[in-house]
Protein chains: 2
Amino acid sequence: MFNPSQLLVALDREGEEPIYRQLIRTIRSQIESGELPPGTRLPASRDLARQLNISRISVVNAYAELRAEGYLSAHAGRGTFVSKEGNGTNPNPTSEKVVPVMNTVTENIAPDNSLREMMRMARKPGVISFSSGSPPVEFFPMQNLRDAINQVLDRDGASALNYEVPEGYAPLRSAVRDYVSALGIQCSPNNVLITGGTQQGLDLVIQALLSEGDILVTENPTYIGMLDIARTRRVQIHGVCTDEEGIRLDHLENFIIDHSPKLIYVMPTFQNPTGHVMPIHRRRQLLNLANEYNIPVLEDAIYHEFRFAGESLPPLKALDDTGIVIHASGYTKMLLPGIRIGYLITDGTYYQRLVRVKQAADISTPGLNQRVIHLMLESGLLGGQLERNNRELLRRRDAALVAAERHLPEGSTWNIPEGGLFLWIELPHNGPTAAELYITAIQQHVAYAIGNLFYTNNGGGNYKIRINYGIHKPADIEEGFRRLSKAWNEVVCEYQQMEKSPLL
Amino acid sequence: MFNPSQLLVALDREGEEPIYRQLIRTIRSQIESGELPPGTRLPASRDLARQLNISRISVVNAYAELRAEGYLSAHAGRGTFVSKEGNGTNPNPTSEKVVPVMNTVTENIAPDNSLREMMRMARKPGVISFSSGSPPVEFFPMQNLRDAINQVLDRDGASALNYEVPEGYAPLRSAVRDYVSALGIQCSPNNVLITGGTQQGLDLVIQALLSEGDILVTENPTYIGMLDIARTRRVQIHGVCTDEEGIRLDHLENFIIDHSPKLIYVMPTFQNPTGHVMPIHRRRQLLNLANEYNIPVLEDAIYHEFRFAGESLPPLKALDDTGIVIHASGYTKMLLPGIRIGYLITDGTYYQRLVRVKQAADISTPGLNQRVIHLMLESGLLGGQLERNNRELLRRRDAALVAAERHLPEGSTWNIPEGGLFLWIELPHNGPTAAELYITAIQQHVAYAIGNLFYTNNGGGNYKIRINYGIHKPADIEEGFRRLSKAWNEVVCEYQQMEKSPLL
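K.L.:
Where do I start with the relation of the copies chain A and chain B in this structure?
P.N.:
Each copy of the chain is related to the other by a rotation around an axis and a translation along that axis. Mapping chain A onto chain B leaves a residual RMSD of 0.1 Å; the transformation is a rotation of 180° accompanied by 0.1 Å of translation along its axis. Seen this way, the second copy is the image of the first under a two-fold rotation axis. Measuring from the rotation axis to each C-alpha of chain A, the shortest distance belongs to glutamate 212 of chain A, at 3.4 Å. Taken together, the interface assignments show that 100% of the residues at the interface of chain A recur at the interface of chain B, consistent with an identical surface on both copies.

Okay, here's the thing in C-alpha cells:
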C-alpha cells in the first residue's frame, strides 16, 4: 500500500529547489525503483498536501508534470495512478551501464536543473514562450550572413577553416576596437579578446581572476548564466540589493569591507532581469568604490545597444581611467546568437591571463565565424540593423505594457523599460508564487521565466516573473498575457475551493 | 654603464622557462624601463655566458631574438647595442593605462608563454614549420563545406542561427552515435555531448571532475593542451613514464596507491607527441586498473582514425563495460579544425555534470557549425576523405623517414609511426638541446615543436623534437630537414669555436 510519509524524506523547505520539484523527484524515483508499482493509486492532492504540510498547488503541479512525463495517469472521478508503463515516456532514460561511484566533487555542483527544465517545458508546441533571453529570429540578417560566408570562403579558402590564434582573428579585433570606440571606449586591438559568445567571456573572467571559494559580488537579482558559472566554478556568489538605479553602493561597500570579494559583476544598462539602468553618477561612484578597494569590475554590456527610449549612457569601461573594468559584450543578441561571437575589452595583465585561459578552454573561437562577423561589421550593416530592431522593440514593449495593464491581476507591478527585451513583473502576494503558477501557465500554453531563479543567496523574487516581450509580435504578446491571466485565475479559483486555506 | 650582474636577478634554473627566454625577458624589461638606455653596448656573448654561468648558446639565442624584435642591433666587429628606437618594433606594446595591482591568483598561473611564442615565431614568412598540430589545409573538404552551409541555410533559415541546447544539436548527436558505433562504441545519443573542438571536451572533463589542487595523472610526455588546462584550472598534473606500448601500468599503479589521482588521461592511439599505440592487452589492463581503484579514464582519441599502416585497435571506450571511460574526440583534425566541433561520449552522472559545465562555459557550441558538420557526416563523405588523407599521410611519412635518415645528425633516433601526424625525434646528446637549437633553426627558416614542452614535472625531453610531417608535401619535408641539419651544424660549429668548452 502507498504510504505518503515516504514522500517526506526528500523535502527540503530551505533549499533552492521548489517544493513541487522535490515532490516530482521523489515520486519519480519511487516509481523507477518499484517502491510505487504500476497501478498504485496516489492520494488526492488535498490529502497529500495536508499530510505533508505543503501547499496543495505544489501537489497539483507535481501530479500535472508527472502525468505529462507519463509516470502518472489520471482517471476522471477515480483519482491519480502510477502508469502501467512506469516511466515509458521518460524523455531521458538513464544509460543501462553501471556508473562508478563518484569519488569527486559532486557536492559542489547543486543538482538544481530548474532553468533547463523550465526552458524545455517552454519549448512545447503551441506555447507562447516569454521565458527565453533570445532576440527575435526575424531580426537575424540572414541574407547578409549568407553573403558574408560565401565571400569569406571565396577570399580566404581553406585558411578560414584552420586553427585561429587564441586572441582572435586580428581584423575582427580591430573591427571590435573601432566598434567600441563609437561607444566611448578607447583601446587598441591588443586589448580585445574574441570569445565564444558573451557567456564564455564572463566564464573566462571568473576562471582567470577567481579561485574556488573566492567571493564574487553581483546585483541581486542577476543574470542566470552568472549563477551557473559560479556554481560550476565553485566560487561563492553574493547578491547585493538593488534599487531603480542598480546596485546599492552603500550595501556594496559594507559587503566589500566585511568579505573582500575578488570581483564585482554588474550589468549597468538594461540589467537582466530588472531592466534597470544605472545613471551616470552611480557609474562614477561605483568606479570610485572599485578603485578605492582595488576590486576589478566585470561589466556585462550585452543589452547596451538595445535602447529605444531615453538618453544613451557611456559604458563603465568608457569612464574607466585605471584599467579596473573588464568589459564583456558580443554580437550574439545584436546580430546572431548561434554564431557565438563575443568579446572582452581589458588591460595589460588581465589580458594575458585571459588569453591563457581562453587557449586552454577551446584553443580559439571558430575562425570562420570570426571572419563572417568581421565582414558583417565592415559592411556597416549593424547601424541600420540596430535602428530597425529598436523601432520594432519599442512597438512590442508598448504592446506588452498595454497587455499587462489589461490582463495582469490587480496589484501587479512592472517596470517601463527604455530598452532591452524584458518586462520584470511582480504578481500580487495574495495569489500563487511564480513557481506555483508555472505548470498551470504551461497548460494554458504560455511560459515565462520564474523570478526566483535570478536571485542569489536562495532568496527573493517568489512573485516575480520575467517576460521577454521582444521575441513576439504584438498580437502574440496580447494573447500570451491573456493566457497568463487565465492561468492565474484558474489557480486562484482552485485556491478558493480549498476551503479558504492559505496557499502556502 | 652596463652591469651584467643585473641580469642575474631573473634567472631561474629550475623553472620550466628556458634560460634564453628568461634572458630575453630580463633584457627586454631593462630596455623598456630605461635601465639599459639606447646605445648601450652589451657584453660579448661569450663574456656574458661566463659571468652568468650559462651556456653561450643561450646568450646567442637571446641576442638573436632581441635583434629580431628590434630591441638590439648588431654592428659587425663592434658588438651588440641597445637600439636607438628602444622598443620601436615591439609587436605587443603594453597599454598606456595603469593596471591595478593584482589581488588575485597570479601565482597559480605560470608565466610561461613558450608554446605561444614558439608558434608565433614559426609563422614567420618563408619558414617551413613542422611545429603545429594542424592537419594539412589541402585536406579540408572546402566545396562540401560550402554546399553544406548553403543547404543548412536553405533548409533551416534563421532557426539555424538561434541558441542551441547545451547538449548539442540533436541530429548531430545521433550522427555521432552512429559514427562511434562503427568504432565499436555502443551508446545512445543521450551519451553524446557536443563540444567546441576536442580541447573544450578535455577542459570540461577536468572542470567537472576535478577541484583545484586535485591530481590528474597522464602519460609523460603528454599533449601540450592538457598541460595548459592543468595550469589554468590549477590542478596538479603528474606524468607517468611510458614505453613503446604507452603508459607504464606498474608505475601508474604505484602512483595511484601513493597519490589517489582523480582522473587518468591517456591518448591510446598515435599518442601526441610520441606516436605510441597502446596494444590491446595493455588497454584491457589499464581498464582493469582503473576499475579496481575506481578512477575515471579520459580517453583522447583525436588521432584514432589517422591510421595508414598496421591493424586497427578498439578505443578504450569500446572495451569499457562499467562506464569508467570518458571518450573525447572530434571532427577538427579529420575534417575542419576551424569549425570547432568535438564530442564527449560518457555515461549517466558524468554526463549530467558535463552538460552543466558546458552550459556555464558558453551556453552551446554554434548551432550553424553543428548543423554543417551534421550534414557533412550524413552525406557520407568522411569515409572517402579519411582514406584519401591516410594514403597521402603515408607518402609524407615515408618522405620524412627518408629525410630523417639523410639529414639528421648521427646518433639521432625516431619512431616509425603507423598513423597520426608526428615524428618524435631524439637528437644526439653531444649537441645543442632542442630549445638551444630553436632560434638558429628559425633563422634557417625551419621550425619544430620543442620536446620539453610536452613533459610534466619540469623534466625530460631536452633533446626531443616533434615534427609534423603531415602538414607538408614531400619536397618541403626534404627541404625542412635539410635546413634543420644546417642549423644543427651551425650551432655545433659555434660550439667548437668556443674553445671546446661544454655547451651546457
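K.L.:
Which parts of the structure should I look at to understand unusual backbone geometry?
P.N.:
Trans peptide bonds make up the majority, and among non-glycine residues the majority have a negative phi. All names here are of chain A. Going from asparagine 220 to proline 221, the amide bond is cis rather than trans, its omega being 5°. Relative to the helices and strands, proline 221 is located in the loop between β6 (215-220) and α8 (224-233). In this structure, arginine 234 takes a positive phi of about 60° despite not being glycine. Structurally, arginine 234 is set in the loop between α8 and β7 (236-243). At phenylalanine 270, a position not held by glycine, the phi torsion is positive, near 55°. Mapped onto the fold, phenylalanine 270 is located in the loop between β9 (263-266) and α10 (280-293). For phenylalanine 270, a count of 22 C-beta atoms within 10 Å puts it in the buried group.

K.L.:
Would you explain the sheet that holds strand β12 (residues 342-345) of chain A in this entry?
P.N.:
All names here are of chain A. With mixed pairing, the eight strands of this open sheet are ordered in space as β5-β12-β11-β10-β9-β6-β7-β8. What marks the edges here is a single partner per strand, and that holds for β5 (192-195) and β8 (246-247). Most of the contacts of helix α11 (residues 348-362) go to β5, to which it runs at about 25°, and overall it touches β5, β11 (325-330) and β12.

K.L.:
Got a minute to help me understand the interface of chain A and chain B in this structure?
P.N.:
The partner chain B presents 72 residues to the 71 residues of chain A that form the contact. Within the residue set of the side of chain A that touches chain B, elements represented by two or more residues are α5 (142-156), α7 (197-209), α8, α11 and α12 (367-378) of chain A. With nine residues, the single largest contributor to the side of chain A that touches chain B is α11 of chain A. Residue composition of the side of chain A that touches chain B, by class: 30 nonpolar, 28 polar and 13 charged.

K.L.:
Where do I start with the nonpolar core in this structure?
P.N.:
Here is a general trend for soluble globular proteins: nonpolar side chains tend to be buried in one another's company. Ranked by internal contacts, the top residues of the largest apolar core, which has 285 residues, are Val205, Leu354 and Val372 of chain A together with Val205, Leu354 and Val372 of chain B. Look past the residues within four positions of leucine 354 of chain B in its chain and what remains in contact with it is Leu193, Leu204, Val205, Ala208, Leu344 and Thr346 of chain B.

K.L.:
I keep staring at helix α2 (residues 45-52) of chain B and nothing clicks. Help me out?
P.N.:
An α-helical turn contains 3.6 residues, so any two residues separated by three or four positions project in the same direction. Residue and element names in this part refer to chain B. Those residues of α2 lying buried are Ser45, Leu48 and Ala49. For α2, the arc enclosing every buried residue in end-on projection is 100°, short of the 170-degree limit, so these residues lie on one face. Within two residues after α2, asparagine 53 carries a phi angle of roughly 60°, on the positive side.

K.L.:
What should I look at first to understand the packing of helix α5 (residues 142-156) of chain B against helix α12 (residues 367-378) of chain B in this one?
P.N.:
The angle between the axes and the distance between the axes are what describe a pair of packed helices. Residue and element names in this part refer to chain B. α12 packs onto α5 with a crossing angle of 115° between their chain directions and a minimal axis gap of 9 Å. Judged by the angle between their axes, α5 and α12 are roughly perpendicular. Here the hand of the crossing between α5 and α12 comes out right-handed. Residues Asn144, Leu145, Ala148, Ile149, Gln151, Val152 and Asp156 of α5 form the contact with α12, whose own contacting residues are Leu368, Arg371, Val372, Leu375 and Met376. Each residue belonging to the contact of α5 with α12 can be placed in one class, and the counts come to eight nonpolar, two polar and two charged.

K.L.:
Would you mind showing me how to read the confidence of the model for chain A here?
P.N.:
Do not read the fine detail of predicted coordinates wherever pLDDT is low. Residue and element names in this part refer to chain A. The predicted model of chain A averages 87 in pLDDT, with 87% of residues at 70 or higher. Below a pLDDT of 50 lies the segment residues 1-9, which in the model reaches 16 contacts outside its immediate sequence neighbourhood of four places, other chains included. Confidence drops under pLDDT 50 across residues 86-115; counting only partners more than four residues distant or on other chains, this segment forms 53 contacts. Across the predicted assembly, pTM comes out at 0.82 and ipTM at 0.81.

K.L.:
Can you walk me through the environment of glycine 79 of chain B in this structure?
P.N.:
Residue and element names in this part refer to chain B. Position of glycine 79 among the secondary structure elements: in strand β3 (residues 79-82). Residue glycine 79 is classed as exposed on the basis of its 12 C-beta neighbours within 10 Å. Distance in space between the C-alpha atoms of glycine 79 and methionine 376 is 59 Å, their sequence separation being 297 residues. Not counting chain neighbours up to four residues away, the residues in contact with glycine 79 comprise Arg41, Leu42 and Ala44.

K.L.:
Whenever I open this one, the environment of isoleucine 324 of chain B confuses me. Can you help?
P.N.:
All names here are of chain B. Tracing the backbone shows isoleucine 324 in the loop between β10 (297-300) and β11 (325-330). On the basis of neighbour count, isoleucine 324 is assigned to the buried category, with 22 C-beta atoms found within 10 Å. Placed 57 residues apart in sequence, isoleucine 324 and methionine 267 show a C-alpha to C-alpha distance of 15 Å.

K.L.:
Help me understand the environment of glutamate 387 of chain B, please; the structure alone is not making it clear to me.
P.N.:
With respect to the secondary-structure elements, glutamate 387 of chain B resides in helix α13 (residues 381-407). Taking the C-alpha atoms as reference, glutamate 387 of chain B lies 9.5 Å from glutamate 305 of chain B; in sequence the two are 82 residues apart.

K.L.:
Explain the pairing of strand β17 (residues 464-468) of chain B here, please?
P.N.:
Residue and element names in this part refer to chain B. Summarising burial for β17: five of the five residues are buried, a large majority. Residue alternation in β17 divides its side chains into two sets, Lys464, Arg466 and Asn468 and Ile465 and Ile467, and both sets are buried. Taken together, the five bridges between strand β14 (residues 422-426) and β17 define a ladder with antiparallel strand orientation. The partner of phenylalanine 422 across the bridge, within β17, is asparagine 468. The pairing of strand β16 (residues 449-450) with β17 spans two bridges and is antiparallel. From the neighbouring strand, isoleucine 450 faces β17, where its bridge partner is isoleucine 465.

K.L.:
I tried to follow the sheet that holds strand β14 (residues 422-426) of chain A on my own but got confused; where do I start?
P.N.:
Paired through backbone hydrogen bonds, the strands of a sheet run either parallel or antiparallel to each other. Taken in spatial order, the four strands make up an open sheet running β13-β14-β17-β16 (chain A), and their pairing is antiparallel. Strands with a single pairing partner mark the edges of an open sheet, and in this sheet they are β13 (413-414) and β16 (449-450) of chain A.

K.L.:
For this particular structure, what's the right way to read the pairing of strand β5 (residues 192-196) of chain B?
P.N.:
Within a regular beta strand, the side chains point alternately toward one face of the sheet and then the other, so they alternate between its two faces. Burial within β5 of chain B is extensive, with five of its five residues counted as buried. Taking every second residue as pointing to the same face, both faces of β5 of chain B are buried, with Val192, Ile194 and Gly196 of chain B on one and Leu193 and Thr195 of chain B on the other.

K.L.:
Can you walk me through α11 of chain A in this structure?
P.N.:
All names here are of chain A. Compared with the 21 Å implied by 1.5 Å per residue over 15 residues, the 22 Å span of α11 between its first and last C-alpha is a close match. With twelve of 15 residues buried, α11 is to be regarded as a mostly interior element. Here α11 has its buried residues at Tyr350, Tyr351, Arg353, Leu354, Val355, Arg356, Val357, Lys358, Gln359, Ala360, Ala361 and Asp362. Isoleucine 363 sits one or two positions beyond α11 and adopts a positive phi of about 65°.

K.L.:
Which parts of the structure should I look at to understand the packing of helix α7 (residues 197-209) of chain B against helix α8 (residues 224-233) of chain B?
P.N.:
Residues and elements named next belong to chain B. Where α7 meets α8, the closest approach of the two axes is 10 Å, and the angle between their N-to-C directions is 40°. As for how α7 packs across α8, the hand of that crossing is right-handed. Taking contact as the criterion, the partners of Gln199, Leu202, Asp203, Ile206 and Gln207 in α7 are, on α8, Gly225, Met226, Ile229 and Arg233. Of the residues belonging to the contact of α7 with α8, the class tally is four nonpolar, three polar and two charged.

Calculation rules
- Residues numbered from 1 in each chain as written.
- Chains lettered and ligands numbered in written order.
- Predicted model: local features only at pLDDT ≥ 70, side-chain atom pairs only at ≥ 80, totals over all residues.
- Least-squares fit on C-alpha atoms with pLDDT ≥ 70 in both.
- Contact = placed C-beta atoms within 7 Å.
- Helix = DSSP H or I, 4+ residues; strand = E, 2+ residues; numbered from the N terminus.
- Buried ≥ 20, exposed ≤ 12 C-beta atoms within 10 Å, placed from the backbone.
- Pairing = 2+ DSSP bridges.
- Axes fitted to C-alpha atoms, helices over the stretch in contact; angles between N-to-C directions.
- Nonpolar A, V, L, I, M, F, W, Y, C, P; charged D, E, K, R; others polar.
- Core = buried A, V, L, I, M, F, W, Y, C linked by C-beta atoms within 7 Å.
- Arc of directions from axis to C-beta.
- Parallel < 35°, antiparallel > 145°, perpendicular 65-115°, else oblique.
- Left-handed = near helix turned anticlockwise from the far one by under 90°.
- pLDDT = per-residue confidence, 0-100.
- Expected span 1.5 Å × (residues − 1).

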